Amino acid sequence: FYNLDRVHQLLALLGDPQRAFHAVHIAGTKGKGSTAAMIESILRSAGYRTGLYTSPHLHTFRERIQVSGDLIPEAGVVRLVGQMRPQVQKVQGITTFEIITALAFLWLAEQGVEWSVLEVGLGGRLDATNVIIPDLAVITSISLDHTAILGDTLGQIAAEKAGIVKTGIPVVCAPQDAEALAVIQATCERHQAPLTLVGRDWTWQPGAASLEGQEFAIQHGEESMTDLWLSLLGEYQLQNATTAVAAVSRLAQDGTAIPQHAIRDGLRAVHWPGRFEILGRDPLIIADSAHNGDSAQKLMTTVKAHCQFRRLILILGASSDHANRD
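Residues numbered from 1 in each chain as written. Predicted model: local features only at pLDDT ≥ 70, side-chain atom pairs only at ≥ 80, totals over all residues. Heavy atoms only, no water.

## Some thoughts on the overall build of the chain
Selection rule: Starting at the N terminus, helices and strands are each numbered in turn, a helix being any DSSP run of H or I of at least four residues and a strand any DSSP run of E of at least two. Here the globule rule is a power law, 2.2 Å times the number of residues to the power 0.38, and the radius of gyration is based on C-alpha atoms. Three exposure classes are used, based on accessible area relative to the maximum for each residue type with a 1.4 Å probe and protein chains only: buried under 20%, partly exposed in between, and exposed over 50%. Contacts are assigned to residue pairs with any non-hydrogen atoms lying within 4.5 Å of each other. The Shrake-Rupley method, run with a 1.4 Å probe, gives the accessible areas here. Residue values count only the displayed protein chains as cover.
When helices and strands are counted, the chain shows ten helices and 13 strands. Expected size for 326 residues packed as a compact globule is a radius of gyration near 20 Å; at 19 Å, the chain falls within 12% of this value. Overall, the C-alpha framework of the chain stretches about 60 × 45 × 40 Å when taken along its three principal axes. Out of the 326 residues belonging to the chain, those deemed buried represent 50%. Sequence separation of at least 24 residues holds for 69% of the intrachain contacts in the chain that already meet a minimum separation of 6. By element, 51% of the accessible surface of the chain is carried by carbon and sulfur atoms, the whole surface being about 15,200 Å².

Printed below as a string of structure tokens:
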């Protein structure tokens, strides 16, 4: 059922809007949304007109499609749905996510974005976003999730995520379990895609932290960036931030102008709701979108690091496909 033929067909009918902008393509199990938001914020701070496509949304569908931080307006969604309807009807079996992806590409192209950061919806190899030919691919942390679709081992899941790797296109990869990393490295070698590994080529050092945010430093070879600030909490967000900095630095290496102040400003300005988001202070109320075992463990580590409490009340919501060992 999953394939790229339908979305290719629809995009061709729409004039292939995905070819109108540069792109960073991001896959992974955890951290891809936060990393996407950081990369977009840095590119915007560097002066580029940016697009951001993510999923799912928290409050409104419009969050999925953004231009320079502005959500797509309701009128824009309505207009594009009407504009696309005749072409959509020509593509047999087209899925909702494929239509949404095409709509996003159409909006980003129409709005004249220079750089778009595109988050994979599910997996990577057969995800609708994988029709893009990006300037850079990013793979964030991989853990067990959607096992009925992607496979029940880290190696199988990594193979699906690494499906976004394309011949000659650089790849930046977050730290991985050895099984997942072996698959990613083999895929990059097969496609002659230069691979940058966070945790090896780029490292980070945590600094002071409070409920307001955290300081940290990033090291790359003999170079370092100190006194960086991120409002998102949890050391896993420092891993995401280092991955984002490694990504934009790779773009800079390939000729994209990204001054160092844009990295600092972009990280400081990034906002990504639903990730250890503080909704209230008295009592302390935190919302987090942790949805598998790995992210739940990271959430609890962050709670213990930043919160003092006598009693902890957990309100948990989960769909049936996540109510298992994942």
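## Topic: unusual backbone geometry
In this structure, the amide linkage connecting S55 to the following residue, P56, adopts the cis form with an omega of -5°. Relative to the assigned elements, P56 resides in the loop between β2 (50-53) and β3 (65-67). We note that S68 has phi near 50°; this positive angle belongs to a residue other than glycine. Although it is not a glycine, D227 adopts a positive phi angle of roughly 60°. For D227, a relative accessible area of 62% gives the class exposed.

## Observations concerning the packing of aromatic side chains
Threshold: Put simply, two rings from Phe, Tyr or Trp (the six-membered ring, in Trp's case) pair if the centres are within 6.5 Å, and we call them stacked under 30 degrees between planes, edge-to-face over 60, tilted for the rest.
Inspection of every chain in the model, using the stated rule, returns two aromatic pairs. Ring geometry for Y53 against F97: centres 6.2 Å apart, planes inclined by 25°, an arrangement best described as stacked. With a gap of 44 residues between them, Y53 in strand β2 and F97 in helix α4 (residues 96-110) connect regions that are remote in the sequence. The exposure class assigned to Y53 is buried, which follows from its relative accessible area of 0%.

## Section: the packing of helix α3 (residues 74-88) against α4
How we decide: The convention used is that axes are lines fitted to C-alpha atoms, helices contributing only their stretch in contact, and that angles between N-to-C directions extend from 0 to 180 degrees. Angular relationships are summarised with four words: roughly parallel below 35 degrees, roughly antiparallel beyond 145, roughly perpendicular across 65 to 115, and oblique for the angles in between. Should the near helix be turned counterclockwise from the far one by less than a right angle, the crossing is left-handed, whereas a clockwise turn marks it as right-handed.
Where α3 contacts α4, the two axes come as close as 10 Å, and the packing angle between them is 120°. By the angle class used here, α3 and α4 are oblique. Crossing handedness for the pair α3 and α4: right-handed. Here G76, V77, R79, L80, V81, Q83, M84 and V88 of α3 come into contact with α4, specifically with I99, A102, L103, L106, W107 and E110.

## Observations concerning the sheet that holds strand β7 (residues 171-173)
In plain terms, the rule: Strands are labelled as partners when DSSP assigns at least two bridges between them.
Taken in spatial order, the eight strands of this open sheet run β4-β3-β2-β5-β1-β6-β7-β8, and their pairing is mixed. Of all strands in the sheet, those bounded by a partner on one side alone are β4 (70-71) and β8 (195-197). Sheet strands touched by helix α7 (residues 178-190): β6 (136-139), β7 and β8. Its angle to β8, the strand with the most contacts, is close to 155°.

## Considerations on helix α9 (residues 260-269)
Three or four residues apart is the spacing at which side chains of an α-helix point the same way, because the helix has 3.6 residues per turn. Where we set the bar: This arc describes the spread of directions from the helix axis toward the C-beta atoms.
Every buried residue of α9 is listed here: A262, I263, G266 and L267. Buried residues of α9, viewed axially, fall in a sector of 125°; they line one side.

## Remarks on the pairing of strand β9 (residues 203-210)
One face of the sheet, then the other: side chains in a regular strand alternate in exactly this way. As judged from the six bridges shared by β9 and strand β10 (residues 213-220), these two strands associate in the antiparallel manner. Each residue of the ladder has a partner; that of Q205, found in β10, is A217. If you look at the hairpin formed by β9 and β10, you'll find two residues sitting between the two strands.

## So, the side chain of T54
Checked against the element boundaries, T54 lands in the loop between β2 and β3. A relative accessible area of 4% places T54 in the buried class. Every residue in contact with T54, bar those within four places of it in the chain, is listed here: E63, R64, E119 and W272.

## Topic: the sheet that holds β9
In space, the three strands of this open sheet follow the order β9-β10-β11, with antiparallel pairing throughout. Looking at which strands have only one partner, the edges of the open sheet turn out to be β9 and β11 (223-230). For this sheet, the mean inter-axis angle between neighbouring strands, taken without regard to orientation, is 15°.

## Observations regarding the nonpolar core
The test is simple: Think of a nonpolar core as a cluster: buried Ala, Val, Leu, Ile, Met, Phe, Trp, Tyr and Cys residues, connected wherever their side-chain atoms sit within 4.5 Å.
Core analysis: the biggest nonpolar cluster contains 37 residues, and I39, L230 and L267 have the highest contact counts within it. Mapped by element, the contributors of at least two residues to this core are β1 (22-27), α2 (32-45), β5 (115-119), β6, β10, β11, α8 (235-253) and α9. It is α8 that provides the largest number of residues to this core, a total of eight residues. In terms of nonpolar packing, the next biggest core, distinct from the first, is built from 30 residues, L4, F21, F105 and L106 among them.

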